[in-house]
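One-letter residues, chain by chain:
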Number of protein chains: 2
Amino acid sequence: MSNNAIKPRPIPTLLLIGLLPVGAWFFCRPFMEPVPAIPALYTCLGFSTFAFVSTLYLVPNLGPVLRDSKVKLYGRDLLKPYADPIPESLGLVCAAVYISCMVLFIPFAFSSSMRSFSTKRREGISITELPLYQLSLYLSSLLSILIATMLGFLDDVFDIRWRHKLPIPIIASIPLLTVYYAERGNTQIVVPLPLRGILGSLVDLGPLYYVYMSLLSTFATNSINILAGINGSEVGQALIIALSVILNDLMYLPWPMDLRIPIHLLGSNREVGVGGVWSAGMAYGSRELVERHLFSLYFMLPLVAVCSGFVYHNWYPARVFPGDTLCYVTGMAFAVVGIQAHFSKTLLLFFIPQIFNFVLSCPQLFGIVPCPRHRVPEFRQEENLLYPSRVELKQPLKPLTTAALRLLATLRLTRLTVDAKTGVITHATNLTILNFFLLHLGPLREDTLVKVLMTVQAAGSVLAFVVRYVLAGLVYDGDRR
Amino acid sequence: MSNNAIKPRPIPTLLLIGLLPVGAWFFCRPFMEPVPAIPALYTCLGFSTFAFVSTLYLVPNLGPVLRDSKVKLYGRDLLKPYADPIPESLGLVCAAVYISCMVLFIPFAFSSSMRSFSTKRREGISITELPLYQLSLYLSSLLSILIATMLGFLDDVFDIRWRHKLPIPIIASIPLLTVYYAERGNTQIVVPLPLRGILGSLVDLGPLYYVYMSLLSTFATNSINILAGINGSEVGQALIIALSVILNDLMYLPWPMDLRIPIHLLGSNREVGVGGVWSAGMAYGSRELVERHLFSLYFMLPLVAVCSGFVYHNWYPARVFPGDTLCYVTGMAFAVVGIQAHFSKTLLLFFIPQIFNFVLSCPQLFGIVPCPRHRVPEFRQEENLLYPSRVELKQPLKPLTTAALRLLATLRLTRLTVDAKTGVITHATNLTILNFFLLHLGPLREDTLVKVLMTVQAAGSVLAFVVRYVLAGLVYDGDRR
């Protein structure tokens, strides 16, 4: 270890101690009068508070244990002037805290003993616990997340090759699929209005629906994993996607206030009403929709908690790295809620930057354009700035490669270096969203680049909400599954 | 690696190829007429066949991967003249095969689509699938086993200290306990006849029942882990316990034949009838009992399969080691079936040698007698024999230690070495069942010792069946929970 070892970021002890009574209050609230409409939601907030505190505390304390173990879980930060060993795979700690919370939460969400605390009838929808068939969905989701953790950690330890990694999320999604099948899960999709004349209003995808579900897990997991390489990028994306999912879920809960957004003024043919004792937000009184979105909230709130705790230590300049484990866990958690709570199309809308990055990466992933070991931006130490990294192109180029590169350059997605004498393309910037930002915004500091990424991710979510709640009204009616 | 590297045991390819159509037949059988009474049992046998084939094939192929990885998962065999690195932690491969089978099996055991194949009414009990509430028990059991795998592997990788290891099974049992609680699992126990005057026929243990369940997982896991150290001992014990559980389960299935054992001739006041279309074996027509024991069979058959595949490579002289992972997985699987299928007392009877070894070890585990790092028997290379290993006692001895050692020596559980001049005890043989065997049977070869252990384990199971089905009639009536 070098002498200029960068110290772990100090833990804000006062904040942690201050949060303990807050967490404890959330645990006590369901047992106090008046009993809230959804008592387990308070318990979930309590667990999330403790998950945040635990992650914030455990990550810097367990980092050195992983670094100094015989597995030597550490790495150099490629975009820094120093060569200190930075503890790696701390996603394992996040996963452990997350799964512990999810397991301990089971009696609060599913046990009928919670029911005895709400004897009085109240107006509107109140949900003391989720139905027991949701318990098997919950458990199968946890199994999938746990298998993703296990495989992510094995990947960190054994360095599984890129092509062998791709099917890992499919393996992890098997518990999800088998239980979905055993419970005769819905495999129908709602047909957009313009196609209803041909296909009818519902189409049963049958086995294809299972293919769709496993592809969704593969996409959610790997798309986060390939948009990586700068401090805070993996956990930052996960955090914003999780917050977007939570915002979407909250719109379906039975809020005590009534709020109607005059969306029709913006051109929609529907009115969007949020809240109202009987309407239960966007669920319009459907108990099933409330339960589905509660299910999703129960997975997302602790995820936001562990990601927030982790990002504190992973933020530029990073004191710890997440490893593949974090990408697998968060990706699988998103796939799980999208599938089980039936909003996979909305979920995909929150992945707009990931989809862009994936599509942009395809020529390199599928070998049309050569792909180097690392595609992270290039760090110029003297300026402390990141530049787009370039891949060297071995001559002669295949015609397909030349054509693809010329097209990408025309679309301003890459920048080519052309030999002035011969006119052949010698270099191209790597096809990632990070290099794309640097291409258009000029060289940036690493922390600025991650802020750009997070801003774009947040802007993508805003766009997603517009598409989902304004534009979708043009191709779908209210009949959602 | 030394030159005299011992080669992996050759895989019996012909056997493996021959087993493939056997496995395939088990998969097809439920779809053929006449439909069997329990179609999923055939599917389970099919999965078990493939699990056996996969383990037998994968263990020697993945062993070198673990050995040569950066984690360096290998160890020296302490009881051999050679120092070759033997691949360690292959229990991970067993666990992976086992859990994959268990997950893929879900639609066959719990899906109502199996029902359509058995439209005809038949005599007696026929179970096309288990009820859905058992699905959450099944999933929570899988979660517990998976957490045990994860923690076992972390233990192998990070070498967790002995005292920190003890609570690991408690953590792994939490999914089991929380789901048991959420489903309002039974916490009553049947009171033995002599105590019914005082306690009534049923006592509700309440929260104590959960303590009992977590202690059972801790015991089942750690007791296998401490009876270790010679080739084949861990997996050998697990195999015989699993076979005993299977034998016990089979007695409760609806067999087509009728067989009555004249147990009353041996002094029991009851007749034991096995089989009969309506009686469903020992279940006496109780569908619930059949379902519980099916649940147990579904966990035990694939476990026997992976253990059998593994023992082939782990048998003396061992080509691979199981690592802690295997002990955790098998121990947790036993705890799970004992708890979920409600035969924990019977299960404990199958652990007689482990209980003996644990009680014998207590003075060393709790520091009354000093405990060295390893307590495996001593290998004398020139004779190729194992002798009881001894612990050196630092002077002066505490009075408690002296008293305990003298008592143990009187009971012939240890042999003391006394200084002829001063009369003080200088050495004592280590307090394990393996040293106990060597003390009484004389020095043995390692393969003989493991055969002695397995014979004792099997004899313990015979005793367990006598206690359970003959002697238990004296203190319990037929009213079992």
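Note that the structure is a prediction, hence the values are computed from the model and not measured.

### Regarding the overall build of chain A
So, step 1. The secondary structure content of chain A amounts to 18 helices and 11 strands.
So, step 2. Per-residue burial for chain A yields a buried fraction of 57% across its 481 residues.
So, step 3. A fraction of 73% describes how many contacts in chain A between residues 6 or more apart in sequence connect residues 24 or more apart.

### A word on the interface of chain B and chain A
Interfaces are often described in size by the accessible area the parts lose on coming together.
So, step 1. On the chain A side, the residues contacting the 40 residues of chain B number 40 residues.
So, step 2. Of the roughly 3,400 Å² buried between chain B and chain A on both sides combined, carbon and sulfur atoms contribute 79%.
So, step 3. The three residues of chain B that bury the most area against chain A are Lys70(B), Met150(B) and Phe158(B), which together make up 18% of that side's buried surface.
So, step 4. At the boundary of chain B with chain A, the tally comes to zero salt bridges.
So, step 5. Contributing elements (two or more residues each) for the side of chain B that touches chain A: helix 3 (91-104), helix 4 (106-110), helix 5 (132-158) and helix 7 (168-182) of chain B.

### Let's talk about the sheet that holds strand 10 (residues 416-418) of chain A
Residues and elements named next belong to chain A.
So, step 1. Read from one edge of the open sheet, three strands run 9-11-10, paired in antiparallel fashion. Here the strands that pair on one side only, and so sit at the sheet edges, are strand 9 (390-392) and strand 10. Strand-to-strand twist in this sheet, taken as the mean axis angle between neighbours without regard to direction, amounts to 25°.
So, step 2. Bridge count between strand 9 and strand 11 (residues 425-429): three bridges; the pairing is antiparallel. What sits directly across from Val391, in strand 11, is Ala428.
So, step 3. Those strands touched by helix 16 (residues 399-410) are strand 10 and strand 11, and its axis lies near 50° from that of strand 11.

### Considering the relation of the copies chain B and chain A
So, step 1. Overlaying chain B on chain A yields an RMSD of 0.0 Å, the required transformation being a rotation through 180° with an accompanying axial translation of 0.0 Å. Overall, the copies show the geometry of a two-fold rotation axis.
So, step 2. Taken together, the interface assignments show that 100% of the residues at the interface of chain B recur at the interface of chain A, consistent with an identical surface on both copies.

### Details of the pattern of salt bridges
Pairing between side chains of opposite charge can happen when the charged atoms of each approach one another.
All names here are of chain A.
So, step 1. Under the defined criterion, the tally for this structure stands at 12 salt bridges over all chains.
So, step 2. In this structure, Glu288 and Arg292 form a salt bridge, with 3.1 Å as the shortest nitrogen-oxygen distance. Of this pair, Glu288 and Arg292 are both found in helix 12 (residues 287-314), four residues apart, which corresponds to roughly one turn of the helix.
So, step 3. Exposure remark for Glu288: the relative accessible area of 43% places this residue in the partly exposed category.
So, step 4. Within this structure, Asp77, Lys80 and Glu446 form a network of salt bridges that share partners.

### Focus on the side chain of Ser144(B)
All names here are of chain B.
So, step 1. Positionally, Ser144 belongs in helix 5.
So, step 2. Given the relative accessible area of 0%, Ser144 is considered buried.
So, step 3. In this view, Ser144 contacts Ala172, Ser173, Pro175, Leu176 and Met332; residues no more than four positions away in its chain are not counted.

### Some points on the sheet that holds strand 11 (residues 425-429) of chain B
Sheet strands pair by backbone hydrogen bonding; their relative direction is either parallel or antiparallel.
All names here are of chain B.
So, step 1. Here three strands make up an open sheet; going across it, the order is 9-11-10 and the pairing antiparallel. Among the strands making up the open sheet, the edge pair consists of strand 9 (390-392) and strand 10 (416-418). Here the strands of the sheet are splayed against their neighbours by 25° on average, with no regard to which way each runs.
So, step 2. Along the sheet face, helix 15 (residues 399-410) touches strand 10 and strand 11 and points at about 50° away from the line of strand 11.

### What to know about the pairing of strand 11 of chain B
So, step 1. Most of strand 11 of chain B sits inside the fold, with four of its five residues counted as buried.
So, step 2. Between strand 10 of chain B and strand 11 of chain B, which follow one another and run antiparallel, lie six residues, and Gly423(B) among them has a positive phi close to 80°.

### Quick look at the environment of Leu349(A)
Residue and element names in this part refer to chain A.
So, step 1. By the element assignment, Leu349 lies in helix 14 (residues 344-349).
So, step 2. Of the residues examined, Leu349 reaches a relative accessible area of 22% and is grouped as partly exposed.
So, step 3. Measuring from C-alpha to C-alpha, the distance between Leu349 and Phe465 comes to 8.2 Å, with 116 residues separating the pair along the chain.
So, step 4. Excluding residues that lie within four positions of it along the chain, Leu349 makes contacts with Gly460, Ala464, Val467 and Arg468.

Conventions adopted
Residues numbered from 1 in each chain as written. Chains lettered and ligands numbered in written order. Predicted model: local features only at pLDDT ≥ 70, side-chain atom pairs only at ≥ 80, totals over all residues. Heavy atoms only, no water. Helix = DSSP H or I, 4+ residues; strand = E, 2+ residues; numbered from the N terminus. Buried < 20%, exposed > 50% of the residue type's maximum accessible area, 1.4 Å probe, protein only. Contact = heavy atoms within 4.5 Å. Buried area = accessible area lost by both parts, 1.4 Å probe. Salt bridge = Lys/Arg side-chain N within 4 Å of Asp/Glu carboxyl O. Pairing = 2+ DSSP bridges. Axes fitted to C-alpha atoms, helices over the stretch in contact; angles between N-to-C directions. Least-squares fit on C-alpha atoms with pLDDT ≥ 70 in both.

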